[in-house]
Amino acid sequence: MKTSARESDTVRTGGPVPDTDLTRCVKDYAREEVGFDLVGIAAADDPQFDIAPEGHKPAEWLPGAKSVVVGGIKVLREILHTTPSPVYAKHYDQLNLWLTQAAYQLSRFLQEKGFQAMYSPESDPYEYFGAQRERGETRYSPSFCHIHAAVAAGLGTRGKVGVVLTPEYGPRQRWISVITTAPLVPDPRLAKEQCIEFLKPGSCGDKCIEVCQKDQGGALKSWPDEGGVDMFACDWADLKAGGLSCGRSIEACPVGKAKH
Ligand code: SF4
């Protein structure tokens, strides 16, 4: 549903608009004008963010933050089927660029409504990533964890290797998060477990881990006990494959395949 001019004007003037109206307005804009396939709202103080390193929680990035708007864009399955390939590697980059532009647009929209807003990139600059590896850190620590944000926003649950699975696309989407002072209504957690291996052990056979061990050197481990995705190992495997981003594990996952 499009936002009416009257509703927009009421919000922009800082009038007494109920949170539910503002929330609907922001979600409609994110879906219909920006073009996100998935949109959810998390409270900035959701417990999911508690384990973020110091300085990386929503209100530490943006003092006074009340909400995090999480947006997802689907991966095109026809292109994913070609992975690893230059076509998929380019698609991966294209989605990241789209997410950055989309988050910028949504942040400006929130600013025009009278609130502060900033976004965290869909993935950090390579130098930030590489510096952690050179310091000898054993786990990659992102500037902001979109996985925690997507779970807090009720968009999915974490699967066998810790990535977010959604009912719509399984693991086949990419994420970005906009932190804002807007007092939006948080979405409830997704109640239904999405990973069929968690629902019924043995039903999937850990396909995500299996294909990674076979083709990419085993960068994916069981989550949470073995840590999930080892980003340093994943990146090294991509480099060995000529710099082609690998999407084999998300391609193999059966969740959401019937719909996507
Ligand atoms: S491939 Fe299987 S085990 Fe891995 S996330 Fe998907 S359903 Fe879960």
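See the structure printed just above.
## Observations regarding the nonpolar core
Reasoning step 1: Val26, Phe36, Val69, Leu106, Leu110, Val178 and Leu184 are the most contacted members of the largest nonpolar core, which totals 28 residues.
Reasoning step 2: Elements supplying a minimum of two residues to this core: α2 (19-34), β1 (38-43), β2 (67-74), α4 (77-80), α5 (86-112) and β6 (173-180).
Reasoning step 3: A per-element tally of this core places α5 first, with eight residues.
Reasoning step 4: Listed in part, the 19 residues of the second largest apolar core include Ala44, Val70, Val151 and Ala152.

## Quick word on the site of the ligand
Reasoning step 1: Every residue lining the ligand is accounted for by Lys160, Leu165, Cys195, Ile196, Glu197, Cys204, Asp206, Lys207, Cys208, Cys253, Pro254 and Val255.
Reasoning step 2: Sorting the residues of the shell around the ligand by element identifies α8 (196-199) and α9 (207-215) as the ones contributing at least two each.

## What to know about the sheet that holds β2
Reasoning step 1: Taken together, the four strands give an open sheet; going across it, the order is β1-β2-β6-β3, and neighbouring strands pair in antiparallel fashion. Among the strands making up the open sheet, the edge pair consists of β1 and β3 (117-120). The mean angle between the axes of side-by-side strands here comes to 25 degrees, regardless of whether they run parallel or antiparallel.
Reasoning step 2: Judged from the six bridges that link them, β1 and β2 form a sheet pairing that is antiparallel. Note on β2: the bridge partner recorded for Ala43 is Ser67.

## Notes on the pattern of salt bridges
Reasoning step 1: Within this structure, the stated rule accounts for six salt bridges.
Reasoning step 2: Salt-bridge contacts for Lys160 lead to Asp206; the nearest nitrogen and oxygen are separated by 3.8 Å. Here Lys160 is found in the loop between β4 (157-158) and β5 (164-165), whereas its partner Asp206 is found in the loop between α8 and α9, with 46 residues between them in sequence.

## Points about empty space enclosed by the protein
Reasoning step 1: All told, the structure shown has one cavity of 30 Å³ or more when counted by the stated rule.
Reasoning step 2: Taken as a whole, the largest cavity holds about 30 Å³ of empty space.
Reasoning step 3: Lining of the largest cavity is provided by Phe49, Ala52, His56, Phe144, Cys145 and His148.
Reasoning step 4: For the lining of the largest cavity, a count of residues per class yields four nonpolar, two polar and no charged.

## Examining the side chain of Ser120
Reasoning step 1: Mapped onto the secondary structure, Ser120 falls in strand β3.
Reasoning step 2: Overall, Ser120 belongs to the buried group, its relative accessible area being 5%.
Reasoning step 3: Discounting residues that sit within four places of it in the chain, Ser120 has contacts with Ser143, Phe144, His146, Ile176 and Ser177.

## Overview of the environment of Val255
Reasoning step 1: Following the sequence through the fold, Val255 ends up in the segment after α11 (248-252).
Reasoning step 2: Once residues lying within four places of it in the same chain are set aside, the contact partners of Val255 are Leu165, Thr166, Tyr169, Gly170, Pro171, Arg172, Gln194, Cys195 and Ile196.

## Notes on helix α6 (residues 126-134)
Reasoning step 1: Residues of α6 that are buried include every one of Phe129, Gly130 and Gln132, and no others. For α6, the arc enclosing every buried residue in end-on projection is 155 degrees, short of the 170-degree limit, so these residues lie on one face. Seen from the open side of α6, the exposed residues pointing more than 90 degrees away from its buried face are Glu127 and Glu134.
Reasoning step 2: Just beyond α6, the residue with positive phi is Gly136, at close to 85 degrees.

Rules used throughout
- Residues numbered from 1 in each chain as written.
- Predicted model: local features only at pLDDT ≥ 70, side-chain atom pairs only at ≥ 80, totals over all residues.
- Heavy atoms only, no water.
- Core = buried A, V, L, I, M, F, W, Y, C linked by side-chain atoms within 4.5 Å.
- Buried < 20%, exposed > 50% of the residue type's maximum accessible area, 1.4 Å probe, protein only.
- Helix = DSSP H or I, 4+ residues; strand = E, 2+ residues; numbered from the N terminus.
- Near = heavy atom within 4 Å.
- Pairing = 2+ DSSP bridges.
- Axes fitted to C-alpha atoms, helices over the stretch in contact; angles between N-to-C directions.
- Salt bridge = Lys/Arg side-chain N within 4 Å of Asp/Glu carboxyl O.
- 1 Å grid on protein atoms, 1.4 Å probe; cavity = no way out; pocket = protein on both sides within 12 Å on 5 of 7 lines; lining within 4 Å.
- Points joined across faces, edges and corners; volume = space filled by probe spheres on them.
- Nonpolar A, V, L, I, M, F, W, Y, C, P; charged D, E, K, R; others polar.
- Contact = heavy atoms within 4.5 Å.
- Arc of directions from axis to C-beta.

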